[in-house]
Amino acid sequence: MFNLSHPKLGTLAEAEGYAEVADFLGDHTLGSVVPAICVASDCDHTADLEPDQRAGSREACGRASMKSGLVISGMI
Ligand SMILES: [Zn+2]
């Protein structure tokens, strides 16, 4: 089941320059790297990660809480 209204998804799409979450997902569905965002409530760190990333960590974010937009939306 898709969840296009997840607040982090809106933040991520906006950070990537998209006004609509659906447009963001449409452009990245088949990508080999996909924009990801930290799902911690106090952190909006973004990075390009593998599409199936569910627990990634990156330098600017000390926690393993990066999820790709595709995972957050429930598309994969
Ligand atoms: Zn974070």
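Per chain, residues are indexed from 1 in the order of the written sequence. Only residues with pLDDT of at least 70 are given local features in this predicted model, and only at 80 or more are side-chain atom pairs given and counted; all residues enter the totals for whole chains, interfaces and linings. The basis for every side-chain value is the complete set of non-hydrogen atoms in the structure, without hydrogens or water.

(A) Fine view of the overall build of the protein. A run of H or I in DSSP counts as a helix once it spans at least four residues, and a run of E counts as a strand once it spans at least two, with each numbered from the N terminus. Scanning the protein from terminus to terminus reveals three helices and four strands. Expected size for 76 residues packed as a compact globule is a radius of gyration near 11 Å; at 11 Å, the protein falls within 12% of this value. Projecting the C-alpha coordinates of the protein onto the three principal axes gives extents of approximately 30 × 25 × 25 Å. Any residue under 20% of the maximum accessible area for its type is buried, any over 50% is exposed, and the rest in between are partly exposed; the area is computed with a 1.4 Å probe on protein chains only. Going through the 76 residues of the protein one by one, you find that 39% of them count as buried. Working rule for contacts: check all heavy atoms of both residues, and any pair within 4.5 Å makes them a contact. Of the contacts made within the protein by residues no fewer than 6 positions apart, 42% connect residues no fewer than 24 positions apart. The method behind every accessible area is Shrake-Rupley, applied with a 1.4 Å probe, and residues are considered shielded solely by the protein chains displayed. Within the structure as shown, the protein displays about 4,300 Å² of accessible surface, and the carbon and sulfur contribution to it stands at 50%. Taken together, the 5 basic and 11 acidic charged side chains of the protein have centroids lying 11 Å from each other. Based on C-alpha atoms, the radius of gyration is set beside the globule rule, defined as 2.2 Å times the residue count to the power 0.38. Neither His nor the chain ends contribute to the count of charged residues, in which Lys and Arg are positive and Asp and Glu negative. The location of each charge is read from NZ of Lys, CZ of Arg, CG of Asp or CD of Glu.

(B) Highlighting the nonpolar core. Counting ten residues, the largest nonpolar core is built from L9, L12, A13, V21, F24, L25, V34, I37, L70 and I72. Listed by contribution, the elements that provide at least two residues to this core are α1 (7-15), α2 (21-28), β1 (34-38) and α3 (69-73). Setting aside chain neighbours within four positions, we find L25 in contact with L4, G69, L70, S73 and M75. Each nonpolar core is a collection of buried residues, namely Ala, Val, Leu, Ile, Met, Phe, Trp, Tyr and Cys, held together in the definition by side-chain atoms within 4.5 Å. Judged by nonpolar contacts, the second largest core, of eight residues, contains A36, C38, A47 and L49.

(C) The environment of S5, seen in detail. One can find S5 in the segment before α1. Take S5: its relative accessible area is 64%, and that puts it in the exposed class. By the criterion applied in these results, polar contacts are pairs of N or O atoms within 3.5 Å in which, for protein atoms, one can donate a hydrogen and the other can accept it, and in which residues neighboring in sequence qualify only through two side-chain atoms. One polar contact links S5 to N3, side chain to side chain, over a distance of 3.1 Å.

(D) Looking closely at the environment of G26. Assignment of secondary structure puts G26 in helix α2. In this structure, the C-alpha to C-alpha distance between G26 and G10, residues 16 residues apart in sequence, is 14 Å.

(E) Up close: the packing of aromatic side chains. Ring geometry is summarised as follows: Phe, Tyr and Trp rings, the Trp one being its six-membered ring, pair when their centres sit within 6.5 Å, and such pairs are stacked at plane angles under 30 degrees, edge-to-face over 60 and tilted between the two. In this structure the tally under the stated criterion is one aromatic pair. Note on Y18 and F24: the rings are 5.6 Å apart at their centroids and 75 degrees apart in plane angle, and the pair reads as edge-to-face. You can call Y18 partly exposed: its relative accessible area is 21%. Residue F24 is classed as buried on the basis of its relative accessible area of 0%.

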